[in-house]
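# Chain and residue survey
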Amino acid sequence: MFESVWAVAGLAGVLGLLFGSFLNVVIHRLPQMMERQWAAEAAQYAQDAQVPPEMAPQTDSQVAGSAGKAVPAAPAERFDLSTPRSRCPSCGHLIRWYENIPVLSYLFLGGRCAGCRTRISPRYPAVELLTGGLFLFCGYRWGLTPTAAAWCGFSAALVALAFIDWDTTLLPDDITLPLLWAGLLAAALRWTDVPLQSSVIGAAAGYLSLWCVYWAFKLATGKEGMGYGDFKLFAALGAWFGWEALVPIILMASVIGALVGIGMKFASSLREGLYVPFGPFLAGAGLTAMIAGPARVMQAIFGSLGL
């Protein structure tokens, strides 16, 4: 029995490493795909509104003509999660399959591109190891069950959202909304311990609570303190854990976010506008709640505060 538990956990961990490699692609490409889509929609809107060509936004499929008019160009290269093949951003070296084995290839190459020897960010194997560790935990705790698969998907979504938001301050609907619906579906199918009613109330309360904070802050200061993606992510966490878990999750995210923000301020590493994205801390609190349980999260928070 003990061996079979660890066999399932080990298999889940290996799958997590492979999925982590794919998440690196998602983290890098999805924001670019969104920007390209926005540019194409803006260009289409300008065309539909009969905006003069010289004022229309340029896309990958247009170039400026000698008379200042937009003229057709060669079709842009297809760009999505599978195409084009991964390549070195410095020299364009195509990544071969044996250079893309999670963690091992990074170690074998010494953390450098095989073509130009440019240093590869250690964040790539870190994402793979993090995802592998989370999948291993899910496999060990829930075994070979739909519940384990559900929480593996939950973990992968939060890892991707955390890194995307940290890089770009974007929380894509392509991930947050499926995560929300998956939480409700998991509750309906009893793949989690959360009753469906609690899941539905948690989703609504999660969204509305941050929506109210957003508008209160904006009316008081005239500034936007967070984005709508944060509302949707908190709603998704409410769907997965139920409304009872919302307070410990938001407290943990707020405390850790404040500490990191203060540390970055003293280190003069805050970005332009002096902001710190909130999504990574919501994601971190959600993963902590998955591992330790919301009740233990609350106890840890109040215990650290001496309450």
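A brief report on the enclosed structure follows. (Residues numbered from 1 in each chain as written. Predicted model: local features only at pLDDT ≥ 70, side-chain atom pairs only at ≥ 80, totals over all residues. Heavy atoms only, no water.)

### What about the packing of helix 7 (residues 228-241) against helix 9 (residues 279-292)?
- Helix 9 packs onto helix 7 with a crossing angle of 5° between their chain directions and a minimal axis gap of 10 Å. Here helix 7 is positioned roughly parallel relative to helix 9, judged by the angle of their axes. Seen from helix 7, the contacting residues are D230, L233, F234, L237 and F241; seen from helix 9, they are G279, L282, A283, G286, A289 and M290. (Axes fitted to C-alpha atoms, helices over the stretch in contact; angles between N-to-C directions. Helix = DSSP H or I, 4+ residues; strand = E, 2+ residues; numbered from the N terminus. Parallel < 35°, antiparallel > 145°, perpendicular 65-115°, else oblique. Contact = heavy atoms within 4.5 Å.)

### Side note on the pattern of salt bridges
- In this structure the tally under the stated criterion is five salt bridges.
- For D173, the salt bridge is made with K232, and the minimal N-O distance between the two is 2.8 Å. Of this pair, D173 sits in helix 5 (residues 173-188) while K232 sits in helix 7, and the two are 59 residues apart along the sequence.
- A relative accessible area of 35% places D173 in the partly exposed class.
- Across the salt bridge formed by E224 and K218, the nearest N and O atoms sit 3.5 Å from each other. (Salt bridge = Lys/Arg side-chain N within 4 Å of Asp/Glu carboxyl O. Buried < 20%, exposed > 50% of the residue type's maximum accessible area, 1.4 Å probe, protein only.)

### As for the packing of helix 3 (residues 123-142) against helix 9
- Between helix 3 and helix 9, the shortest axis-to-axis distance is 11 Å and the interhelical angle comes to 30°. Considering the angle they form, helix 3 stands roughly parallel to helix 9. Note on packing geometry: the crossing formed by helix 3 with helix 9 is left-handed. Along its contact with helix 3, which presents L134, F137, C138, R141 and W142, the element helix 9 presents L287, M290 and I291. (Left-handed = near helix turned anticlockwise from the far one by under 90°.)

### Comments concerning unusual backbone geometry
- In the segment running from T83 into P84, the intervening peptide bond is cis, with an omega of 0°.
- Phi is positive for V103, which is not a glycine, with a value near 65°.
- Mapped onto the elements of the fold, V103 is located in the loop between strand 2 (70-72) and helix 2 (104-108).
- The class of V103 is buried, set by a relative accessible area of 15%.

### A closer look at the side chain of S199
- With respect to the secondary-structure elements, S199 resides in helix 6 (residues 196-221).
- We classify S199 as buried; its relative accessible area is 0%.
- Polar side-chain contacts of S199 include one of 2.6 Å to the backbone oxygen of A239.
- Here S199 is in contact with G183, L184, A187, V194, G238, A239 and G242, once residues within four sequence places are set aside. (Polar contact = N/O pair within 3.5 Å; in protein donor to acceptor, adjacent residues only side chain to side chain.)

### Structural notes on the layout of surface pockets
- Estimated volume of the largest pocket: approximately 1000 Å³.
- Considering the residues around the largest pocket, the lining is formed by 37 residues, among which M226, G227, D230, P277 and F278 are closest to the centre.
- When contributions to the lining of the largest pocket are tallied by element, the ones reaching two or more residues are helix 1 (2-48), helix 5, helix 6, helix 7 and helix 8 (246-266).
- Partitioned by chemical class, the residues of the lining of the largest pocket number 20 nonpolar, nine polar and eight charged.
- Each pocket or cavity is described by its volume, and for the second largest pocket that value is around 830 Å³.
- Along the wall of the second largest pocket there are 34 residues; nearest its centre are S86, R87, P89, I95 and Y124.
- For the lining of the second largest pocket, the secondary-structure elements that each account for two or more residues are helix 1, helix 2 and helix 3.
- The greatest single-element share of the lining of the second largest pocket, amounting to six residues, is contributed by helix 1.
- Its residues placed into classes, the lining of the second largest pocket shows 16 nonpolar, 11 polar and seven charged. (1 Å grid on protein atoms, 1.4 Å probe; cavity = no way out; pocket = protein on both sides within 12 Å on 5 of 7 lines; lining within 4 Å. Points joined across faces, edges and corners; volume = space filled by probe spheres on them. Nonpolar A, V, L, I, M, F, W, Y, C, P; charged D, E, K, R; others polar.)

### What about the packing of aromatic side chains?
- Tallied over the entire structure, the rule returns 17 aromatic pairs.
- Taking the centre distance of 5.7 Å and the plane angle of 15° together, the rings of W142 and W151 count as stacked.
- Note on W151: relative accessible area 7%, which makes it buried.
- Taken together, F137, W142, W151, F154, W240 and F241 form an aromatic cluster joined through their ring pairs.
- Geometry around F79 places R29 over its ring, the cationic atom sitting 5.5 Å from the centre.
- For the cation-ring pair, R36 lies above F79, with the distance from its terminal atom to the ring centre recorded as 4.3 Å. (Phe/Tyr/Trp six-rings, centres within 6.5 Å; stacked < 30°, edge-to-face > 60°. Lys NZ or Arg CZ within 6 Å of the ring centre and 35° of its normal.)

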